[in-house]
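# Results of the structural survey
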There are 2 protein chains.
Amino acid sequence: MKASHHFQIIPEPTIRRLADYLHLLLHLQQEGIDKVSSTTIANDLNTDPTQVRKDIQYTSIVGKPKTGFDVPGLIGAIEECLSWNDTNAAFLVGVGSLGKAILGYEGFQKYGLQFIDAFDVDPDIIGKKMYGIEVHHLDEMPGLVNKLKRKIGVLTVPAESAQEVTDKMVEAGIRAIWNFAPLQLKTPEDVIVENIQFSQSLAVLTRKLSLLEFRTS
Amino acid sequence: MKASHHFQIIPEPTIRRLADYLHLLLHLQQEGIDKVSSTTIANDLNTDPTQVRKDIQYTSIVGKPKTGFDVPGLIGAIEECLSWNDTNAAFLVGVGSLGKAILGYEGFQKYGLQFIDAFDVDPDIIGKKMYGIEVHHLDEMPGLVNKLKRKIGVLTVPAESAQEVTDKMVEAGIRAIWNFAPLQLKTPEDVIVENIQFSQSLAVLTRKLSLLEFRTS
């Protein structure tokens with residue numbers, strides 16, 4: 001049985017920062033560094049050492065005065081906190097330009113995300129493999145998803161079909177959706193949705209840039 | 001000269017939603033639909049019609065009772081608001097797995113983002129083309145960036161080198177950075193930074209999923 005502290009509520013900003021610390025720690029480990037202080041972590045990530053110490057208190061790891069934290073130990077503790085030590089089986093739905101880019105991006109494997117199958121409705125790509133992942137017809141989703149325990153659905157279909165596809169994902173038993181489609185999904189309360197919104201983010205950037213150019217022109 | 005209402009302050013949540021409306025409108029246009037009501041927009045995006053009308057008031061477009069908004073007109077007005085009617089020249093820095101995926105993703109062109117050059121320090125890829133975009137050595141950035149007016153830098157280097165590369169981008173004259181690296185960048189006040197944080201977002205998703213599984217097991 002896992003220790004109960006793993007199931008305490010960790011504030012969302014802390015979870016986000018723990019992910020950043022993990023990135024840095026994996027890099028330090030690659031460089032052969034096995035001890036790190038909260039000050040070093042804070043400096044490298046442009047944040048505050050007190051914040052780093054507070055965040056790390058949510059893991060089971062305790063730092064030692066002077067030497068700091070044990071790098072492999074802290075990596076393991078953060079990975080456990082984020083459930084990145086288990087493999088998270090992921091299904092990608094929507095193998096268009098964005099879906100292909102995501103299947104081809106190796107970085108997600110570091111976070112324990114492992115694509116098992118991909119789904120689409122385009123007969124031209126069904127049955128083909130994209131970066132080693134087979135593309136199935138959307139109708140096959142329930143049978144293929146049901147076989148696995150931890151199931152994350154990565155949604156990369158156009159906005160127009162996103163809600164309809166979401167309903168099918170929920171029906172198939174997916175309980176966590178990583179949504180890359182530009183709309184708010186309606187889901188039952190026990191389904192987790194986390195959004196990545198490229199166009200919204202770019203809109204903020206380009207709007208601010210034109211205001212800046214207007215003020216300085 | 002452009003109308004001054006384009007340079008009023010638009011709240012960031014409105015900017016984000018305008019980007020979503022634009023997606024939907026472009027789809028409606030493709031389908032040959034030339035009039036749309038705020039209720040239709042709201043229903044399709046799972047949001048509220050009053051909110052849609054309030055947001056659209058920030059553009060120069062006025063809807064007509066019964067028939068609603070003119071689709072091409074509203075597309076043009078939102079694109080102007082977001083500065084997506086002009087081409088935004090973009091430079092990508094860091095041609096690793098993520099950088100390649102972004103260069104290969106066609107979706108950003110819809111938002112007026114046009115990649116001009118890419119930069120890296122890896123001799124194996126310098127001089128090569130990725131999806132038609134030439135990869136240059138990072139040291140060539142100042143000369144190549146200076147030639148263009150509107151400059152967005154897309155940052156896809158590892159966290160460890162992100163701050164150093166950011167300093168070089170700022171020095172080269174980039175005033176807007178779309179940051180995909182997992183850390184907070186330090187920049188001068190007149191540089192805009194907008195973050196896309198995959199690992200933070202996935203961390204929230206996987207953490208919530210394990211809590212959900214714990215509660216329901």
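Along each chain, numbering runs from 1 in the same order as the chain's sequence is written. Chain labels run from A onward and ligand labels from 1 onward, assigned in the order the entries are written. The model is predicted, so local features are restricted to residues of pLDDT at least 70 and side-chain atom pairs to those at 80 or more, both for listing and for counting; the totals for chains, interfaces and linings are taken over all residues. To obtain the side-chain values, all non-hydrogen atoms of the structure were included, while hydrogens and water were left out.

### A look at helix α1 (residues 12-30) of chain A
Helix length check: α1 of chain A (19 residues) gives 28 Å between terminal C-alpha atoms against 27 Å at 1.5 Å per residue, within 8%. Contacts were defined at the residue level, with two residues in contact if any of their heavy atoms lie within 4.5 Å. Only DSSP runs of H or I with at least four residues qualify as helices, and only runs of E with at least two residues qualify as strands; both kinds are numbered from the N terminus onward. Its buried side turned inward, α1 of chain A meets β1 (35-36), α2 (38-44), α3 (49-56) and α4 (71-81) of chain A together with α7 (159-171) and α8 (198-216) of chain B. The positive-phi residue at the C-terminal boundary of α1 of chain A is Gly32 of chain A, with phi of around 85°. Expected helix span is taken as 1.5 Å per residue step, with the number of steps being one fewer than the number of residues.

### Regarding the interface of chain A and chain B
Across the boundary between the two partners, chain A contributes 69 residues, which contact 69 residues of chain B. Here the quantity called buried area is the accessible surface, traced with a 1.4 Å probe, that two parts lose on coming together, added over both. Taken over both partners, the interface formed by chain A and chain B buries close to 6,600 Å², and the fraction arising from carbon and sulfur atoms is 66%. Basic side-chain nitrogens of Lys or Arg form a salt bridge, by our definition, when they fall within 4 Å of a carboxyl oxygen of Asp or Glu. Joining chain A to chain B, the criterion identifies two salt bridges. In this structure, the salt-bridge partner of Lys208 of chain B is Glu12 of chain A, at a minimum N-O distance of 3.5 Å.

### Some details on the pattern of salt bridges
Within the structure shown, the criterion is met by 12 salt bridges over all chains. A salt bridge links Glu194 of chain B to Arg16 of chain B, with the shortest nitrogen-to-oxygen separation between them at 3.1 Å. In this pair, Glu194 of chain B is assigned in strand β9 (residues 192-195) and Arg16 of chain B in helix α1 (residues 12-30), connecting sequence segments 178 residues apart. Lys35 of chain B is paired through a salt bridge with Asp70 of chain B; the nearest N and O atoms lie 3.9 Å apart. Of the two residues, Lys35 of chain B sits in strand β1 (residues 35-36) while Asp70 of chain B sits in strand β2 (residues 69-70), which places them 35 residues apart along the sequence. Overlapping salt bridges bring together Glu12, Arg16 and Glu194 of chain A together with Lys208 of chain B as one network.

### Topic: the packing of α1 of chain B against helix α3 (residues 49-56) of chain B
Residues and elements named next belong to chain B. For helices, the fitted line uses only the C-alpha atoms of the stretch in contact; every axis is such a line through C-alpha atoms, and the angle between N-to-C directions lies from 0 to 180 degrees. Between α1 and α3, the shortest axis-to-axis distance is 10 Å and the interhelical angle comes to 100°. Considered as vectors, α1 and α3 are oriented roughly perpendicular to each other. Touching Thr14, Arg17, Leu18 and Tyr21 of α1 are Gln51, Val52, Asp55 and Ile56, all from α3. Residues that form the contact of α1 with α3 fall into these classes: four nonpolar, two polar and two charged. In what follows, roughly perpendicular refers to angles from 65 to 115 degrees, roughly parallel to angles under 35, roughly antiparallel to angles over 145, and oblique to any angle outside these ranges. Polarity classes work like this: nonpolar for Ala, Val, Leu, Ile, Met, Phe, Trp, Tyr, Cys and Pro, charged for Asp, Glu, Lys and Arg, and polar for all others, with Gly in that last group.

### Some thoughts on the confidence of the model for chain A
Known as pLDDT, the predictor's confidence for each residue is given on a scale from 0 to 100. Across chain A, the average pLDDT comes to 89, with 96% of residues at 70 or higher. Across the predicted assembly, pTM comes out at 0.84 and ipTM at 0.88.

### Some words on the relation of the copies chain A and chain B
The copies were overlaid by least squares, fitting only the C-alpha atoms of residues that reach a pLDDT of 70 or more in each copy. Superposition record for chain A on chain B: RMSD 0.0 Å, screw rotation 180°, translation along axis 0.0 Å. Such a combination of rotation and displacement between the chain copies is what one expects of a two-fold axis. Nearest to the rotation axis, the C-alpha of Ala101 of chain A is located 2.3 Å from it, this being the minimum over chain A. Of the residues that chain A buries at the interface, 100% are likewise interface residues in chain B, meaning the two copies contact each other through the same surface.

### Thoughts on the side chain of Asn46 of chain B
Residue position: Asn46 of chain B is located in the loop between α2 (38-44) and α3. Exposure classes here rest on a 1.4 Å probe applied to the protein chains alone. A residue is buried below 20% of its type maximum, exposed above 50%, and partly exposed in between. Classification of Asn46 of chain B as buried rests on a relative accessible area of 19%. For the purposes of these results, a polar contact is taken to be a pair of N or O atoms within 3.5 Å, where, inside protein, one atom must be able to donate a hydrogen and its partner to accept one; residues adjacent in sequence count only when each atom of the pair is a side-chain atom. Engagement of the side chain of Asn46 of chain B in a polar contact is seen with the side chain of Lys186 of chain A, the distance being 3.2 Å. Apart from the residues lying within four places of it in its own chain, the contact partners of Asn46 of chain B are Gln163, Leu183, Gln184, Leu185 and Lys186 of chain A.

### Overview of the sheet that holds strand β8 (residues 176-179) of chain A
Residues and elements named next belong to chain A. Overall, mixed pairing links the seven strands, which are arranged β5-β6-β4-β3-β7-β8-β9 in an open sheet. A strand with exactly one partner marks an edge of an open sheet, and here the two such strands are β5 (129-130) and β9 (192-195). Each pair of strands is called paired provided DSSP finds at least two bridges between the two strands. When β8 meets β9, the two strands line up parallel, connected through four bridges. Across the sheet, the residue bridging to Ala176 is Ile192, located in β9. On top of the sheet, helix α7 (residues 159-171) reaches β3 (88-93), β7 (151-155) and β8; it is set at about 170° to β7, its chief contact.

### A few points about the environment of Phe115 of chain A
Residues and elements named next belong to chain A. Tracing the sequence through the fold places Phe115 in strand β4 (residues 113-120). Linking Phe115 and Glu134, residues 19 residues apart in sequence, is a C-alpha distance of 9.7 Å. Look past the residues within four positions of Phe115 in its chain and what remains in contact with it is Ala90, Phe91, Leu92, Ile102, Leu103, Phe108, Ile133 and Val154.

### Some remarks on the packing of helix α8 (residues 198-216) of chain A against α1 of chain B
Where α8 of chain A meets α1 of chain B, the axes come as close as 8 Å, and the angle between the chain directions of the two elements is 120°. By the angle class used here, α8 of chain A and α1 of chain B are oblique. Note that α8 of chain A runs across α1 of chain B; the crossing there is right-handed. Taken together, the residues of α1 of chain B that come into contact with α8 of chain A (itself represented by Ser199, Gln200, Ser201, Ala203, Val204, Arg207 and Lys208 of chain A) are Glu12, Ile15, Arg16, Ala19, Asp20 and His23 of chain B. Crossings are assigned a handedness: left-handed for a near helix turned anticlockwise from the far helix by less than a right angle, right-handed for a clockwise turn.

### Examining the pairing of strand β6 (residues 133-137) of chain B
All names here are of chain B. Here strand β4 (residues 113-120) pairs with β6 via three bridges, running parallel. Of the residues in β6, the one forming a bridge with Asp120 is His137. Pairing between strand β5 (residues 129-130) and β6: two bridges, direction antiparallel. In the strand pairing of β6, Met130 is matched with Ile133. In this antiparallel pair of consecutive strands, β5 and β6, the connection spans two residues, and Tyr131 shows a positive phi of 50°.

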